[in-house]
Amino acid sequence: MVLKRIIPCLDVDAGRVVKGTNFIGLRDAGDPVELAERYDAEGADELVFLDITASHEKRETIVELARRTADNVFIPFTIGGGIRSVEDAQAVLDAGADKVSVNSSALARPELLTELADHFGAQCVVIAIDAKRSVSQVASPTCAAPPGWFGDAIWDVYVNGGRKKVESRDAVSWAREAVERGAGEILLTSMDRDGTNDGYDIELTRAVADAVTVPVIASGGAGTLDHLSEAISDGNADAVLCASIFHYGTYRVRDAKERLAADGIPVRL
């Protein structure tokens, strides 16, 4: 039986963990390594660090953070932000990260996913997709369903920390292509729900999870423990990413795992 995972997400800006709503209005949440140590002790399955302004500001990847984390944390962790080449990924992995996450750079040059998978293995390559619900479209007998159509919903893809919409791309078809090119996992964030505590976009999560053969991590919107169960049971997610509900002490990782177990979802306790 495949265990479902709970993954705290640490968005890093200028060396501090921050969290906002719909990708704006950032507020401080603490030191990334201190939070990482706490989540490790509470039983988190993995961690994700995202340098949320690296692509926009053209900064180098957070290699030093990876090194500090590896010295103090003993669960797998992913580093994302500003990784544009095999060399960038090598530096992060050499510093102790287990996986790398790419977003803007993969959309700019999709061959990067294949290069990373060929060099490190698909298990090390996470494609991060920031998606926002587009204008509803309904297929009709005389109009073929557009790429990425799921019911009456289409989700646009954004890059550079949600600042720029990628034309002629939708989340579902891009997820399929990314997996075909070598991505071994998808980190799927709903920009509409991010930081709202209103729950994950279940329709988006299910559309992508049903379209690919690799694990999908649901992200954006967790506010209650019920939301985590819904993302897995109804959204077909393999893991749930959480930020503010853990950062600000609303729940502990242990609380979340106990709730999932009580709901019949297999987790590592």
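Residues numbered from 1 in each chain as written. Predicted model: local features only at pLDDT ≥ 70, side-chain atom pairs only at ≥ 80, totals over all residues. Heavy atoms only, no water.

## Quick look at the environment of L269
Definition in use: Helical segments are the DSSP runs of H or I of at least four residues, strand segments are the runs of E of at least two, and each set is numbered from the N terminus. Pairs of residues are marked as contacts when any of their non-hydrogen atoms sit within 4.5 Å.
With respect to the element layout, L269 can be found in the segment after α11 (253-262). Sequence spacing of L269 and R254 is 15 residues, and the spatial spacing of their C-alpha atoms is 7.8 Å. Ignoring anything within four residues of it in the chain, the contact list for L269 reads R254, K257, E258 and A261.

## Focus: the pattern of salt bridges
Quick note on the threshold: We define a salt bridge as a contact between a side-chain nitrogen of Lys or Arg and a carboxyl oxygen of Asp or Glu at a distance within 4 Å. Each residue gets one of three labels from its accessible area relative to the maximum for its type: buried under 20%, exposed over 50%, partly exposed in between, using a 1.4 Å probe on protein chains only.
All told, the structure shown has 19 salt bridges when counted by the stated rule. One salt bridge in this structure joins E42 and R38, with 3.7 Å as the shortest N-O distance. Remark: R38 and E42 occur in helix α1 (residues 32-42); sequence separation between them is four residues, near one turn of the helix. Accessibility expressed as a relative area gives 22% for E42, which makes it partly exposed. For R38, a relative accessible area of 33% puts it in the partly exposed group.

## Some thoughts on the confidence of the model for the protein chain
Threshold: The predictor's confidence in any single residue is recorded as pLDDT, a number from 0 to 100.
Scored by pLDDT, the protein chain comes out at a mean of 88, with 86% of its residues at no less than 70. Scored below 50 in pLDDT, residues 137-150 shows 23 contacts in the model against residues more than four places distant or in partner chains.

## Section: empty space enclosed by the protein
Threshold: Of the two site types, the cavity is a set of points on a 1 Å grid over the protein atoms alone where a 1.4 Å probe fits but cannot get out, and the pocket is an open set with protein on both sides within 12 Å along at least five of seven lines, each lined by residues with an atom within 4 Å of a point. Grid points are joined across faces, edges and corners, and a volume is the space filled by probe spheres set on the points. All amino acids are sorted into three groups, where Ala, Val, Leu, Ile, Met, Phe, Trp, Tyr, Cys and Pro are nonpolar, Asp, Glu, Lys and Arg are charged, and the leftover types, Gly among them, are polar.
The full count for this structure, using the stated rule, is one cavity of 30 Å³ or more. Roughly 30 Å³ of volume is contained in the largest cavity. Every residue along the wall of the largest cavity is listed here: L188, T189, S190, Y200, D201, L204, T205, S219 and G220. Those elements that provide at least two residues to the lining of the largest cavity are β10 (185-190) and α8 (202-209). The greatest single-element share of the lining of the largest cavity, amounting to three residues, is contributed by β10. A per-class count over the lining of the largest cavity returns three nonpolar, five polar and one charged.

## Here's the deal with helix α6 (residues 111-120)
Put simply, the rule is: An arc is given here, and it is the one of the directions from the helix axis to the C-beta atoms.
Three or more residues of α6 are buried, namely L112, L113, L116, A117 and F120. Buried residues of α6, seen end-on, are gathered within an arc of 130 degrees and therefore sit on one face of the element. Packing partners of the buried residues in α6 comprise α4 (86-94), β6 (99-102), α5 (104-108), β7 (125-133) and α7 (171-181). Directly after α6, the chain includes G121, whose backbone phi takes a positive value near 100 degrees.

## Observations regarding the pairing of strand β12 (residues 239-242)
For clarity, the threshold we go by: A pair of strands is considered paired only if DSSP assigns at least 2 bridges between the two. With strands facing away from the observer, any crossover in which the path from the first strand over the helix to the second runs clockwise is taken as right-handed.
In β12, alternate side chains face the same way, and those of A239 and L241 on one face and V240 and C242 on the other are all buried. Bridge count for strand β1 (residues 5-13) against β12 is four bridges, and the pairing is parallel. Directly across from I6, in β12, lies its bridge partner V240. Bridging between strand β11 (residues 216-219) and β12 involves two bridges; their strand directions are parallel. Note that in β12 the partner of A218 across the bridge is V240. In the classification by handedness, the crossover that spans β11, the intervening helix α9 (residues 225-233) and the parallel β12 is right-handed.

## A short note on the side chain of K4
Topologically, K4 is positioned in the segment before β1. Residue K4 is classed as buried on the basis of its relative accessible area of 17%. Beyond its immediate sequence surroundings of up to four residues, K4 is in contact with D45, I232, A237, D238, I265, P266 and V267.

## Let's talk about α9
Of all the residues in α9, the buried ones are L225, H227, L228, S229, A231 and I232. Buried residues belonging to α9 abut β1, α8, β11, β12, α10 (244-247) and α11.

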